[in-house]
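A structural walkthrough
What follows is the residue order along each chain.
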Amino acid sequence: QKEVEQNSGPLSVPEGAIASLNCTYSDRGSQSFFWYRQYSGKSPELIMFIYSNGDKEDGRFTAQLNKASQYVSLLIRDSQPSDSATYLCAVNIVGGTSYGKLTFGQGTILTVHP
Amino acid sequence: EAQVTQNPRYLITVTGKKLTVTCSQNMNHEYMSWYRQDPGLGLRQIYYSMNVEVTDKGDVPEGYKVSRKEKRNFPLILESPSPNQTSLYFCASSARGLRGPYEQYFGPGTRLTVT
């Protein structure tokens, strides 16, 4: 089982819809969770991070974390064509010798069509 | 301007010829990291550093070396490159918090081809 798994997609949604991206992780010691967006040919850029169970909202983006079920999700409301990109989930384990180790999922390709 | 720089941006080399990819950040970040990105495999961490002289292995450290002699620089060394190290490489840095690295700032990437 991969440590961090994402549905590679592609996920296609119409403009204005809600896009839902999911990520599961295997290590219960995971403490920090990040969502990055990567446009084709560009570097990843942070969208959101979340540490505690529940929801965290920032503009059109909402991150949801459920540590008991070991999943983290990203919702994008009112999706725009400019949201079309690859979305990367990243998980950090804190403690012991793995402090600072960051594991990424393989990414989900999102396409928002007009 | 806060940034992470990498050099070179593109490199074509031959098997066995030692090379170094430099990474520098101007944000006084403690944490720096190297990743490689391959189609279908996503970003995989090679090495990371929590501070000067403190480095540790990521998920795919074989065939790579790093050093952190100064806070701003974190070079990636390939002592004897092989074709399976052909990839897109990213350097990243962040401040260091209690729960690990905070938001990472990524460099522009280095596309390496080993023939």
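Because the structure is a prediction, the values reported are computed rather than measured.

This part takes up the sheet that holds strand S1 (residues 4–7) of chain B. All names here are of chain B. The sheet built from four strands is open, its strands ordered S1-S3-S8-S7 with antiparallel pairing. One side of each edge strand has no neighbouring strand; the edge strands of this open sheet are S1 and strand S7 (65–66). Of the pairings in the sheet, the one linking strand S3 (residues 19–25) to strand S8 (residues 76–78) comprises three bridges and is antiparallel in character. Each residue of the ladder has a partner; that of Leu 19, found in S8, is Leu 78.

Let us now look at the interface of chain B and chain A. Between chain B and chain A, the contact holds 27 residues from the first and 24 residues from the second. Here chain B meets chain A over a buried area of about 2000 Å², counting both sides, of which 50% is carbon and sulfur. The tally of links between chain B and chain A comes to one salt bridge. Connecting chain B to chain A are six residue pairs in polar contact (both at pLDDT 80 or more). Counting only elements with at least two residues in the side of chain B that touches chain A, the list comes to strand S4 (31–38), strand S5 (42–51), strand S10 (96–97) and strand S11 (100–101) of chain B. Classifying every residue of the side of chain B that touches chain A gives 12 nonpolar, 10 polar and five charged.

Here the focus is the sheet that holds strand S1 (residues 4–6) of chain A. All names here are of chain A. Here we have five strands laid out as an open sheet, ordered S1-S3-S8-S7-S6, and antiparallel in their pairing. Every other strand in the sheet has two partners, leaving S1 and strand S6 (54–58) as the edge strands with one partner each. On average, adjacent strands in this sheet sit at an angle of 20° to one another, irrespective of strand direction. Bridge count between strand S3 (residues 19–25) and strand S8 (residues 71–76): six bridges; the pairing is antiparallel. Looking across to S8, one finds that Leu 21 is bridged to Leu 74.

Looking now at the environment of Gln 70 of chain A. Residue and element names in this part refer to chain A. Position of Gln 70 among the secondary structure elements: in the loop between strand S7 (61–66) and S8. Counting along the chain gives 40 residues from Gln 70 to Ser 30, while the straight-line C-alpha distance between them is 9.0 Å. Ignoring sequence-local partners within four residues, the contact set of Gln 70 consists of Cys 23, Thr 24, Tyr 25, Ser 26, Asp 27 and Arg 28. Only 3.0 Å separates the side chain of Gln 70 from the backbone oxygen of Ser 26, close enough to count as a polar contact.

In this section: the layout of surface pockets. The volume enclosed by the largest pocket comes to roughly 560 Å³. Taken together, 28 residues line the largest pocket, and the ones lying closest to its centre are Gln 38 and Gly 41 of chain A together with Gln 37, Leu 88 and Arg 111 of chain B. Mapped onto the lining of the largest pocket, the elements with two or more residues apiece are strand S9 (85–93) of chain A together with S4, strand S9 (87–94) and strand S13 (110–114) of chain B. With four residues, S13 of chain B is the single largest residue contributor to the lining of the largest pocket. Per-class residue counts for the lining of the largest pocket are nine nonpolar, 15 polar and four charged.

Turning next to the packing of aromatic side chains. Scanning the entire structure with this criterion turns up 12 aromatic pairs over all chains. Geometrically, the ring pair formed by Phe 104 of chain A and Phe 106 of chain B is edge-to-face, given 6.5 Å between the ring centres and 75° between the ring planes. With Phe 104 of chain A in strand S10 (residues 101–104) and Phe 106 of chain B in strand S12 (residues 105–106), this residue pair bridges two chains. Neither Phe 104 of chain A nor Phe 106 of chain B differs from the other in exposure class; each is buried. Relative to Phe 106 of chain B, the ring of Phe 90 of chain B has its centre 6.2 Å away and its plane inclined at 85°; by these criteria the two rings are edge-to-face. With a gap of 16 residues between them, Phe 90 of chain B in strand S9 and Phe 106 of chain B in strand S12 connect regions that are remote in the sequence. You'll find Phe 90 of chain B and Phe 106 of chain B in the same group, each marked buried. Connected via pairs of aromatic rings, a cluster forms that spans Phe 34, Tyr 36, Phe 49, Tyr 51 and Phe 104 of chain A together with Tyr 35, Phe 90 and Phe 106 of chain B. Sitting over the face of the ring of Phe 49 of chain A, Lys 56 of chain A holds its NZ or CZ atom 3.6 Å from the ring centroid.

This next bit is on unusual backbone geometry. When glycine is set aside, most residues are seen to have a negative phi, and most peptide bonds are trans. Cis rather than trans, the peptide bond between Asn 7 of chain B and Pro 8 of chain B has omega equal to -5°. Its location among the elements puts Pro 8 of chain B in the loop between S1 and strand S2 (10–13). A positive phi is found at Asp 78 of chain A, a non-glycine position, where the angle reads about 50°. Positionally, Asp 78 of chain A belongs in the loop between S8 and S9. In the Ramachandran plot, Glu 53 of chain B falls in the positive-phi region, its phi being about 70° despite a non-glycine side chain. Among the structural elements, Glu 53 of chain B can be located in the loop between S5 and strand S6 (54–57).

Cut-offs used in this document
- Residues numbered from 1 in each chain as written.
- Chains lettered and ligands numbered in written order.
- Predicted model: local features only at pLDDT ≥ 70, side-chain atom pairs only at ≥ 80, totals over all residues.
- Heavy atoms only, no water.
- Pairing = 2+ DSSP bridges.
- Helix = DSSP H or I, 4+ residues; strand = E, 2+ residues; numbered from the N terminus.
- Contact = heavy atoms within 4.5 Å.
- Buried area = accessible area lost by both parts, 1.4 Å probe.
- Salt bridge = Lys/Arg side-chain N within 4 Å of Asp/Glu carboxyl O.
- Polar contact = N/O pair within 3.5 Å; in protein donor to acceptor, adjacent residues only side chain to side chain.
- Nonpolar A, V, L, I, M, F, W, Y, C, P; charged D, E, K, R; others polar.
- Axes fitted to C-alpha atoms, helices over the stretch in contact; angles between N-to-C directions.
- 1 Å grid on protein atoms, 1.4 Å probe; cavity = no way out; pocket = protein on both sides within 12 Å on 5 of 7 lines; lining within 4 Å.
- Points joined across faces, edges and corners; volume = space filled by probe spheres on them.
- Phe/Tyr/Trp six-rings, centres within 6.5 Å; stacked < 30°, edge-to-face > 60°.
- Buried < 20%, exposed > 50% of the residue type's maximum accessible area, 1.4 Å probe, protein only.
- Lys NZ or Arg CZ within 6 Å of the ring centre and 35° of its normal.

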